[in-house]
Amino acid sequence: EEEANKNMLATEYLMANCFKDFCRRLSMVPLSDNELDGFGLDISSEMHRCGINVRHMGFIRSQFSEDTSSNGGDIELPMGDNEDSPFNFEHNDKWRKVKLLLMAEMVVRTMKNLFRIYLRHAAKSSKIALKSIQTNIAMNFLNIIIGDHERSRHFWSEQLFVGIRHRFGKCALNTSERDKLFDYTRSLAVYMVCRFNDMTGVKISNECASQMIDRRCMSFTSVDLIGIGQRVKHNIYVKDIADAMVLACRLREILMMSYCYQVMSDNPLVYLMLSEREGSMIASNNGTICNRFDGRYSGNEELCCLGPLRLQEGNRSAYFATVK
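Anyway, here's the lowdown on the structure attached to this text.

Parameters at a glance
Residues numbered from 1 in each chain as written. Predicted model: local features only at pLDDT ≥ 70, side-chain atom pairs only at ≥ 80, totals over all residues. Heavy atoms only, no water. Axes fitted to C-alpha atoms, helices over the stretch in contact; angles between N-to-C directions. Helix = DSSP H or I, 4+ residues; strand = E, 2+ residues; numbered from the N terminus. Parallel < 35°, antiparallel > 145°, perpendicular 65-115°, else oblique. Left-handed = near helix turned anticlockwise from the far one by under 90°. Contact = heavy atoms within 4.5 Å. Nonpolar A, V, L, I, M, F, W, Y, C, P; charged D, E, K, R; others polar. Phe/Tyr/Trp six-rings, centres within 6.5 Å; stacked < 30°, edge-to-face > 60°. Buried < 20%, exposed > 50% of the residue type's maximum accessible area, 1.4 Å probe, protein only. Expected span 1.5 Å × (residues − 1). Bend = angle between axes of the 7 residues up to and from the residue. Core = buried A, V, L, I, M, F, W, Y, C linked by side-chain atoms within 4.5 Å. Disulfide = S-S within 2.5 Å. Salt bridge = Lys/Arg side-chain N within 4 Å of Asp/Glu carboxyl O. Polar contact = N/O pair within 3.5 Å; in protein donor to acceptor, adjacent residues only side chain to side chain.

One can describe the packing of helix α5 (residues 131-146) onto helix α8 (residues 189-200) by two numbers: an axis separation of 9 Å at closest approach and a directional angle of 155°. Of the possible angle classes, the one that applies to α5 and α8 is roughly antiparallel. Between α5 and α8 lies a crossing whose hand is right-handed. Residues Phe-141, Leu-142, Ile-145 and Ile-146 of α5 pack against Ala-189, Met-192, Val-193, Phe-196 and Asn-197 of α8. Grouping the amino acids of the contact of α5 with α8 by side-chain chemistry returns eight nonpolar, one polar and no charged.

Here's what the structure looks like:
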């Protein structure tokens with residue numbers, strides 16, 4: 001119950017402050033007419049600056065509804081009936097662009113997740129991660145985004161529609177938009193391809209990118225793809241994660257062979273490593289009874305001397321001069 005109350009308070013704060021700050025920021029940001037760069041707005045970064053997680057994109061978009069019968073297609077703000085509403089702004093053309101951009105961003109993020117699912121299934125089926133299979137899957141996804149695949153519309157109305165509502169909530173899309181999803185975002189196709197490539201690590205040739213931007217060629221082949229660098233959280237490449245995991249395993253193996261590890265594996269009561277840095281007064285006990293048997297330096301010792309374990313990291317020792 002306590003956690004539920006905390007969640008309720010956090011949600012109320014989000015509604016009363018964060019969404020309001022977000023919309024006020026957008027009201028002051030000039031939007032361009034260039035669809036290729038998302039109207040010059042990084043919607044994800046703007047949300048993060050206001051403390052809003054991108055999973056709330058669906059809710060924010062749901063607050064803008066089009067009423068073509070009464071105001072000629074202007075955006076109606078259902079939460080803008082009072083002065084305190086976070087959506088109480090009269091910038092209809094701007095909000096129309098924002099709504100479209102939110103939709104495109106949700107499409108790309110859902111595409112990214114589906115792309116990874118397809119890659120995992122392919123690797124599981126073939127028992128190996130083949131570059132040719134990865135390239136073929138990436139090519140198909142790019143063609144699905146731009147509508148140049150035979151099953152593009154089916155994919156958009158089925159897998160993508162369900163995926164968006166699952167990830168961003170049912171409020172993100174209503175059922176009447178199911179068959180219109182592709183047509184609604186078609187003007188941002190190039191933008192979505194660029195965002196998809198950035199999120200997934202898919203790289204296309206410069207010639208293909210130039211033709212795509214100039215809209216001379218809106219179809220992808222395997223020749224156009226020059227690299228597949230799958231990414232995970234925070235856009236880190238999977239290969240980099242795998243390399244880090246391998247290094248971590250090697251480090252654990254090295255540590256298990258170290259002198260210190262061998263000593264500690266016997267659970268000694270007292271183990272003074274004498275590896276403290278210069279100026280230390282206490283020789284810490286690394287044994288099981290810890291600081292109850294710490295040692296104390298007299299001040300006549302020389303610390304940080306080279307120890308006997310030359311090939312091991314942290315090879316420091318203390319030199320005790322002979323007192324006559």
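For the coordinates displayed, the defined rule picks out seven aromatic pairs. Ring geometry for Phe-115 against Phe-196: centres 5.4 Å apart, planes inclined by 70°, an arrangement best described as edge-to-face. Residue Phe-115 is located in helix α4 (residues 92-126), and its partner Phe-196 is located in helix α8; the two are separated by 81 residues in the primary sequence. Pair check on accessibility: Phe-115 and Phe-196 agree, each one buried. Consider the rings of Phe-141 and Phe-155, whose centres lie 5.6 Å apart with planes at 80°: the pair is edge-to-face. Residue Phe-141 is located in helix α5, and its partner Phe-155 is located in helix α6 (residues 152-168); the two are separated by 14 residues in the primary sequence. For the residue pair Phe-141 and Phe-155, the accessibility class agrees, reading buried in each case. Three or more aromatic residues joined by ring pairs make a cluster, and in this case those are Phe-115, Tyr-118, Phe-141, Phe-155 and Phe-196.

For an α-helix, the turn length of 3.6 residues means that residues three or four places apart are oriented alike. In this model, helix α1 (residues 2-28) (27 residues) spans 38 Å end to end at C-alpha, consistent with the 39 Å of a helix rising 1.5 Å per residue. The sharpest bend along α1 measures roughly 40° and falls at Leu-14. Those residues of α1 not exposed but buried are Leu-14, Cys-18, Phe-19, Phe-22, Cys-23, Leu-26 and Ser-27.

Before going further, it helps to examine the environment of Asn-206. Its location among the elements puts Asn-206 in helix α9 (residues 206-213). Along the sequence, Asn-206 and Asp-224 sit 18 residues apart, while their C-alpha atoms lie 8.7 Å from each other.

Moving on, we come to unusual backbone geometry. Residues other than glycine seldom take positive phi values, yet Phe-39 does so here, at roughly 60°. Here Phe-39 lies in the loop between α1 and α2 (43-49). Its identity is not glycine, yet Asn-267 carries a phi of approximately 50°, on the positive side. Relative to the elements of secondary structure, Asn-267 occurs in the loop between α11 (259-264) and β5 (282-283). Residue Asn-267 is classed as exposed on the basis of its relative accessible area, which comes to 55%.

What follows covers α6. Taken as a whole, α6 carries its principal kink of about 35° at Leu-160. Taken together, the buried positions of α6 are Ser-152, Phe-155, Trp-156, Ser-157, Leu-160, Phe-161, Gly-163, Ile-164 and Phe-168.

So, about the nonpolar core. Ranked by size, the top nonpolar core spans 65 residues in total, and within it Met-111 and Ile-164 carry the most contacts. By residue number, the principal contributor to this core is α4, which donates 15 residues. The contacts of Met-111, once residues within four sequence positions are left out, are Phe-141, Ile-144, Ile-145, Phe-155, Trp-156, Leu-160 and Phe-196.

One pass over the full model with this rule turns up zero disulfides. Free cysteine Cys-305: the closest other cysteine sulfur is in Cys-304, separated by 7.8 Å. Residue Cys-305 is classed as buried on the basis of its relative accessible area of 16%.

We now examine the pattern of salt bridges. Tallied over the full model, the rule gives 10 salt bridges. In this structure, Glu-177 engages Arg-61 in a salt bridge whose closest nitrogen and oxygen atoms are separated by 2.7 Å. Of this pair, Glu-177 sits in the loop between α6 and α7 (181-185) while Arg-61 sits in helix α3 (residues 57-62), and the two are 116 residues apart along the sequence. Accessibility classification places Glu-177 together with Arg-61 in one group, the buried group.

The description of two helices packed together rests on the angle between their axes and the distance between the axes. As a packed pair, α5 and α6 sit with axes 8 Å apart at the nearest point and diverge in direction by 85°. Taken together, α5 and α6 sit at an angle that is classed as roughly perpendicular. Across from Phe-141, Asn-143, Ile-144 and Ile-145 in α5, the residues of α6 making contact are Ser-152, Phe-155 and Trp-156. Of the residues assigned to the contact of α5 with α6, the class counts are five nonpolar, two polar and no charged.

Among the secondary structure elements, Ser-126 is positioned in helix α4. A distance of 2.8 Å separates a polar side-chain atom of Ser-126 from the backbone oxygen of Ala-122.

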